[in-house]
Amino acid sequence: MNAHTPMRSIDALIAQGLIAPEKRDALDAVARRYAVSVTPAMAALIDPADPADPIARQFVPDAAELVTSPQELADPIGDEAHSPVEGVVHRYPDRALLKLVHACPVYCRFCFRREMVGPGGDALTGEKLDAALAYLASRPEIWEVIMTGGDPLILSARRVREIAARLAGIAHIKVARWHTRVPMVQPERVTADYARALRVPGKASYIAVHANHPREFTDAACAALARLADAGHVLISQSVLLKGVNADVETLSALMRAFVENRVKPYYLHHPDLAPGTSQFRLSLEEGQALVKSLRGHLSGLCQPTYILDIPGGAGKIPVGPAFLSGCETPGAEAFAEDRHGGFHRYPPA
């Protein structure tokens, strides 16, 4: 096996020492339903002796995934209801998703698209890509296009350049954004040439980098992020607040600082979506708000993500961060501002 080839089966994970052999039958049942892939870069970070290892929890299958709660949904954020043509999700007026591939280098056990991604899914090519780009070109209100999937950075540099060139020809699109896990989980793919290929000529270029634990910031990952930043991309972060991975103040703080130290601006911290078999990752909104509140005043403003809930069914994202003001709901009433120590201060009405 190539040193960079992902492990895509339960047997491969057993051979690597990441799964106990006696769990094979139970986890084979998980693998038959949900895609499995762990890259060598992530496998190297896992401590097999730690049953609560936060990297393993993200990528190594667990029998709990076969337990579906009544509130969980195959399409928890309603992509299909807002897909006018294959490969495009147009939920908000000024931006649209372009889902270029269905595959990823790793498959997160909490993925909100876990019923839709995996090996064997068709990439958006040929007439399907033509139709998707024609839709984007026909909607002058679309200001930003977000390349996603799957993970679009599994495409070759040649394919990325072709797509970038075609997007460059749509005048009303001003911002191109790529969403990816690749710099963290398969950093060797992000060469200087590949980083340049991701630039869409004439457009502002953003890359949303997904990481959930500070241990993911290996030397190789940090070098990949530097190549992207040096190529002129603005880097922003996406993370999911996950029980057993980062749902404590120390880990969340270290994660946000790692982003900022690597020129990645914290952007979204997602509350876990209601994807099937993911209840073991979810905490309550109240718990999430308390954690995010603890960051304010103790970490630099550069390190503050927006805590986001994607409303089930496709109604869109809303910020659900903690409130620091109270008492101002009544017109003309004074407000009370809470400081980082929990003290309250009067603030006069206008």
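Notes on the structure follow.

The next subject is the packing of aromatic side chains. To describe a pair of aromatic rings, one takes the distance between the centres and the angle between the planes. Summed over all chains, the structure comprises three aromatic pairs. For the pair Phe 217 and Phe 259, a centre-to-centre distance of 5.2 Å together with 85° between the ring planes defines the contact as edge-to-face. One end of the pair, Phe 217, is in the loop between β5 (204-210) and α9 (219-230); the other, Phe 259, is in helix α10 (residues 249-261), and 42 residues separate them in sequence. Here Phe 217 matches Phe 259 in class, with each residue buried. Consider the rings of Tyr 267 and Tyr 268, whose centres lie 3.9 Å apart with planes at 10°: the pair is stacked. Accessibility expressed as a relative area gives 24% for Tyr 267, which makes it partly exposed. A cation over an aromatic ring shows up here: Arg 114 above the ring of Tyr 34, its NZ or CZ 3.6 Å from the ring centre.

Moving on, we come to the environment of Ile 308. With respect to the helices and strands, the residue Ile 308 is situated in strand β8 (residues 306-311). Look at Ile 308 and you get buried, because its relative accessible area is 3%. With 97 residues separating them in the primary sequence, Ile 308 and Ala 211 have C-alpha atoms 16 Å apart. Beyond its immediate stretch of four places on either side in the chain, Ile 308 contacts Tyr 268, Leu 269, His 270, His 271, Lys 317, Ile 318, Pro 319 and Val 320.

What follows is about the pairing of β5. Taken across its seven residues, β5 has five buried, putting it largely inside the fold. Where strand β4 (residues 175-180) and β5 come together, six bridges link them in parallel fashion. Residue His 179 lies in a different strand from β5, and its bridge partner there is Ala 208. The sheet contact formed by β5 and strand β6 (residues 234-240) spans five bridges and is parallel. Within β6, the position partnered with Ala 208 by the bridge is Ile 236.

Across the interface, helix α5 (residues 126-138) lies against helix α6 (residues 157-168) with an axial gap of 11 Å and an inter-helix angle of 30°. When the axes of α5 and α6 are compared, the pair comes out roughly parallel. Crossing angle aside, the handedness with which α5 passes α6 is right-handed. Residue-level contacts link Leu 129, Asp 130, Leu 133 and Leu 136 of α5 to Arg 159, Ile 163, Arg 166 and Leu 167 of α6. Looking at side-chain class alone, the contact of α5 with α6 contains five nonpolar, no polar and three charged residues.

Calculation notes
Residues numbered from 1 in each chain as written. Predicted model: local features only at pLDDT ≥ 70, side-chain atom pairs only at ≥ 80, totals over all residues. Heavy atoms only, no water. Phe/Tyr/Trp six-rings, centres within 6.5 Å; stacked < 30°, edge-to-face > 60°. Helix = DSSP H or I, 4+ residues; strand = E, 2+ residues; numbered from the N terminus. Buried < 20%, exposed > 50% of the residue type's maximum accessible area, 1.4 Å probe, protein only. Lys NZ or Arg CZ within 6 Å of the ring centre and 35° of its normal. Contact = heavy atoms within 4.5 Å. Pairing = 2+ DSSP bridges. Axes fitted to C-alpha atoms, helices over the stretch in contact; angles between N-to-C directions. Parallel < 35°, antiparallel > 145°, perpendicular 65-115°, else oblique. Left-handed = near helix turned anticlockwise from the far one by under 90°. Nonpolar A, V, L, I, M, F, W, Y, C, P; charged D, E, K, R; others polar.

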